[in-house]
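# Working through the structure, step by step
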Amino acid sequence: MGGLSRHRPDLSIGKVKAMSAVLSLDSVRQRSSQLNFVNQAFIDGRYCAAASGQTFDCVSPVDGRVLTQIARCDQADVDRAVAAAKRAFESGVWADLAPKARKKTLLAFADLMEKHADELALLETLDMGKPINDSLKVDIPLSINCVRWYAEAADKVYDEVAPTSPDVVAMLRREPVGVVAAIVPWNFPLLMASWKIGPALATGNSLILKPAEQSSLTAIRVAQLAAEAGIPDGVFQVVPGMGPEAGKALARHMDVDCVAFTGSGEVGKLLLKYSGETNMKRVWLECGGKTPHIVLADTADLHAAASAAAWGIFYNQGEVCNAGSRLLVEESIKDELVEKVMQVGKSIRFGDPLDPATQMGAIVDQDQFAKVLSYIGLGQEEGARLLMGGRKAFAETGGFYVEPTVFDGVRNDMRIAQEEIFGPVLSVLTFKDAEEAVKVGNATVYGLASAVWTRDINKAHKMARALRSGVVWVNCFDGGDITTPFGGYKQSGFGRDKSLHAMEKYTEMKTIWIQLH
Ligand code: NAD
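So, here's what we can say about the structure. Computed from a predicted structure; not experimentally measured.

So, about the pattern of salt bridges. Inspection of the entire model under this criterion finds 30 salt bridges. The closest approach of N and O atoms between Asp352 and Arg29, which form a salt bridge, is 2.9 Å. One end of the pair, Asp352, is in the loop between helix H11 (334–347) and helix H12 (366–381); the other, Arg29, is in helix H1 (residues 25–33), with 323 residues separating them in the sequence. A relative accessible area of 22% means that Asp352 is categorised as partly exposed. Here Arg29 falls in the partly exposed class, since its relative accessible area comes to 41%. A salt bridge links Asp139 to Lys130, with the nearest nitrogen and oxygen atoms 2.7 Å apart. Pair check on accessibility: Asp139 and Lys130 agree, each one buried. Within the structure, one salt-bridge network assembled from shared partners comprises Lys103, Glu152, Asp155 and Lys156.

The three strands lie next to each other as S5-S6-S23, forming an open sheet whose pairing is antiparallel. Pairing within the sheet leaves two strands with one partner each, and these edge strands are strand S5 (160–161) and strand S23 (507–515). As judged from the nine bridges shared by strand S6 (residues 168–176) and S23, these two strands associate in the antiparallel manner. Residue Pro176 lies in a different strand from S23, and its bridge partner there is Thr507.

Surveying the vicinity of the ligand reveals 31 residues, the closest of which are Val184, Lys210, Glu213, Ser264 and Glu420. At a separation of 3.3 Å, an oxygen atom of the ligand approaches a polar backbone atom of Gly243. At 2.5 Å from an oxygen atom of the ligand is found a side-chain nitrogen or oxygen belonging to Glu420. Burial of the ligand by the protein amounts to 91% of the accessible area it has alone, namely 860 Å². When contributions to the shell around the ligand are tallied by element, the ones reaching two or more residues are helix H8 (243–251), strand S10 (258–262) and helix H9 (265–277). Within the shell around the ligand, the residues separate by chemical class into 19 nonpolar, seven polar and five charged.

Moving on, we come to the packing of helix H3 (residues 99–115) against helix H7 (residues 217–229). Contact geometry of H3 with H7 gives a least axis separation of 8 Å together with a crossing angle of 135 degrees. One finds that H3 runs oblique with respect to H7. In this structure, H3 crosses over H7, and the sense of that crossing is right-handed. From H3, Thr105, Ala108, Phe109, Leu112 and Met113 reach across to H7, where they touch Val222, Leu225, Ala226, Glu228 and Ala229. Split by residue class, the contact of H3 with H7 holds eight nonpolar, one polar and one charged.

Definitions and cut-offs
Residues numbered from 1 in each chain as written. Predicted model: local features only at pLDDT ≥ 70, side-chain atom pairs only at ≥ 80, totals over all residues. Heavy atoms only, no water. Salt bridge = Lys/Arg side-chain N within 4 Å of Asp/Glu carboxyl O. Helix = DSSP H or I, 4+ residues; strand = E, 2+ residues; numbered from the N terminus. Buried < 20%, exposed > 50% of the residue type's maximum accessible area, 1.4 Å probe, protein only. Pairing = 2+ DSSP bridges. Near = heavy atom within 4 Å. Polar contact = N/O pair within 3.5 Å; in protein donor to acceptor, adjacent residues only side chain to side chain. Areas by Shrake-Rupley, 256 points an atom, 1.4 Å probe, with all protein chains shown as cover. Nonpolar A, V, L, I, M, F, W, Y, C, P; charged D, E, K, R; others polar. Axes fitted to C-alpha atoms, helices over the stretch in contact; angles between N-to-C directions. Parallel < 35°, antiparallel > 145°, perpendicular 65-115°, else oblique. Left-handed = near helix turned anticlockwise from the far one by under 90°. Contact = heavy atoms within 4.5 Å.

Written out as structure tokens, the structure reads:
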């Protein structure tokens, strides 16, 4: 999603000092056994149980163990959170602060996240199953960097004055939309939340975060850090719970002004409907993808392309919206490239997410595990050739593990080439020329990202323009940083996270036309 994949050497960013470089599995296990799992909602400045008293199990995909029971918020809790958010917004306690004051508080929040980076990384790994090394070096540092970057932007973005005739002053002002609900998925739990928290809070809104039910722990934990940093009561709240309960209650609420969503297209479409049936709240959707990873025969560095293709699908267990799940290879180099991809795939250290040496961990939960395995079965039924992997692994742990999997002989009309599997399953397809590659690449309902490898600068430019996706990578995969927008075309959604453009989602544009006399 811009700067995440493992083949990038510069993963470690910012000032974050991760747990010791000589971290061992034993030391990680010991630290995780000392963790305190905060499991309540954070409403109006304090932790509280759901009004109903209901909870749900927080199951670790590492070993299937129940870590804690989390508050299962519903309409009553959402009503309370929205009322607090609205009260805070209307009081101006945050929205009317000088931008430089908001910046100071958000920087303090980022500093506290950094202070607790090890703890947040452990929570993320235990809750979601990603390797601890990735949580420490990617998810948590990028989350901190994101909050810091928007904090810094808060007092550097100017409004506009329109070029009207001299007897008029017309100001184009950006104002916060009000109460923002951020509904986020489980694949990069804190990072996806931070992509909303940063710009929404920097622009003065009150934010209510609904984490995915599979991965609520870091969201709940950072709520307290936000309060400690001085973010006022009601400005940053967290309502954990089920999508059709807490999520739906937020998305249908008459006093929620904007829903910023990252997740599946199916739920994204529901949110549009909820908005239409209620208060026409702004809805921003960042949904799934089926990224074509296109490799032409003239590629200068086939090793680099193979490594990118492998990590592009196996990183984060393939649970990445822009995972390069369709490898489109020019016919003449298919066998050589696929062989290299499999070599990389076989070299990946797959196993216990708590082991600092692990590079590929567990699938988030039982449902997703079953879904990935069922797609692997479907691929075989559809006539694709299973070249590598395809089985569940480490069943003795009680966790949810699927081997890195490669299918050859895939046709673009097969379901495994069209539907988002969201697991470590690569489909290999071939093409004859650049034109066909673009045609097949675009032949999907999604349009989140695409990648092209070629040494021909003309082909690269033309293909990059012709591919219908929000991001196109050339001679790399998953490049980007906080300065570049990320989001989709077509059914991958229409919002853009990251960059200064993301601030537009959380602001209304007001024109003030002043007649001079
Ligand atoms: P999901 O759509 O099932 O759930 C996302 C969130 O929506 C969760 O918090 C869930 O509780 C909530 N939700 C579910 N039903 C709801 C309802 N009826 N009303 C309101 N909220 C509801 O998605 P997921 O399985 O958590 O995440 C995987 C999806 O996210 C994939 O499709 C992936 O591609 C996408 N994703 C996209 C991006 C991006 O930037 N475009 C980034 C990461 C993930």
